[in-house]
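# Per-entry structural report
Below are the chains, spelled out letter by letter.
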Amino acid sequence: MWAPQLHKGLSPLQLCRIMRPDDANIMGNVHGGIILKMIEEAGCIVSTRHCNTQDGDRCLALLVRVEKTEFLSPVFIGEVVHITAEITYTSKHSLEVQVIVMAENILTGGKKLASKAALWYVPCSLQNVNKIMEVPSIQYVSAEQKEEGRKRYEAQKIERMETKARVEEVMPPLPNSEPHTVGFSQSSLIHLVGPLDCILHDYVHGGVTMKLMDEVAGIVAARHCNTNIVTASVDAINFHRKIKKGCVVTVTGRLTFVSNRSMELEVLVDAASLVEKEMKKYRAVSAFFTFISLDKDNKPLPVPPLKIKGEEEQRRFEEGNARYLQAKAKRLADNRQ
């Protein structure tokens, strides 16, 4: 389990709030999107605060990537969520924030690890949002800690480039699709970006986008299983381009792979401006979500098999299977340590 690294001169940021009925589904499980939004808010605060400790332009830290995020325990209405965020690595123009999420039952005092995540931010000048600022360096406890951070930085940089190159159009599903096919459960949400969705400079808050993505993914998973479903994990979320106020975003989710106990869904966010006609639709964000199906006692249920139609769906299924096996092998290796 990741714990704060206590870098010299840095104090972790801590946020908390009680979970309300509007944070949860009809079964009382808090939406993964709510947790993601809270994680991103903490990351944005701690990274923006750090980047403004130096002279020069005032800046705002913008989210560019979220590493694989695991939802380790369900969170319920009435529990208090505690978020701890700490900067764990800085490069010249970016910084890594690691976050842990604890859920507290205030009636019993019991606490559980609910989630953990790693996020990458870049600071943008408030005078010119396209100007990337330099990041003040942090002091590391040891040279080994700095080297481990550098390796994480290089790895995510390569993965972001690979993901950016893999952009494909989302085809609309065929009418009257057969149950348990990709087309039957594929879903889209259209959202007009307004002032409440934005941070400074009228750009969308990363947490708002992730919440919309989780909502669409949840609809897809529920349509496939017709049961209570919850977010199990989110693979790396890549923010390719900024989304501005006045844009219409289309968030589309589709199943890519199904195992006996879980579903992988690809979620894509496309944006187009309502007022700037010269700005064509573009891919803004992409990610893979994993959901599981639960019974009324929150016990895992088998997931109906996915019926594959065509070569493209078969290709995506095989790629999803490879990611599934890779994640399974990593979990087994971590358990042995």
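As annotated in an unreviewed UniProt entry, the protein chain carries the name palmitoyl-CoA hydrolase and is attributed to Oryzias latipes. Per UniProt, the comment on the protein chain under Subcellular location (unreviewed entry) is "Cytoplasm".

## Section: the pattern of salt bridges
For the coordinates displayed, the defined rule picks out 19 salt bridges. When the shortest N-O distance is used, the salt bridge between aspartate 270 and arginine 283 registers 2.5 Å. Of this pair, aspartate 270 sits in strand β11 (residues 263-273) while arginine 283 sits in strand β12 (residues 282-294), placing them 13 residues apart in sequence. Arginine 315 is the partner of glutamate 319 in a salt bridge, and the nearest nitrogen-oxygen pair spans 3.1 Å. Of the two residues, glutamate 319 and arginine 315 are both situated in helix α5 (residues 311-336); the distance of four residues between them amounts to about one turn of the helix. The partly exposed category is assigned to glutamate 319, whose relative accessible area is 33%. For arginine 315, a relative accessible area of 29% corresponds to the partly exposed category. Linked by salt bridges that have partners in common, Arg65, Glu67 and Glu159 make up one network.

Reading the values: rules and limits
Residues numbered from 1 in each chain as written. Predicted model: local features only at pLDDT ≥ 70, side-chain atom pairs only at ≥ 80, totals over all residues. Heavy atoms only, no water. UniProt positions renumbered as here; feature names shortened; annotations may be inferred. Salt bridge = Lys/Arg side-chain N within 4 Å of Asp/Glu carboxyl O. Helix = DSSP H or I, 4+ residues; strand = E, 2+ residues; numbered from the N terminus. Buried < 20%, exposed > 50% of the residue type's maximum accessible area, 1.4 Å probe, protein only.

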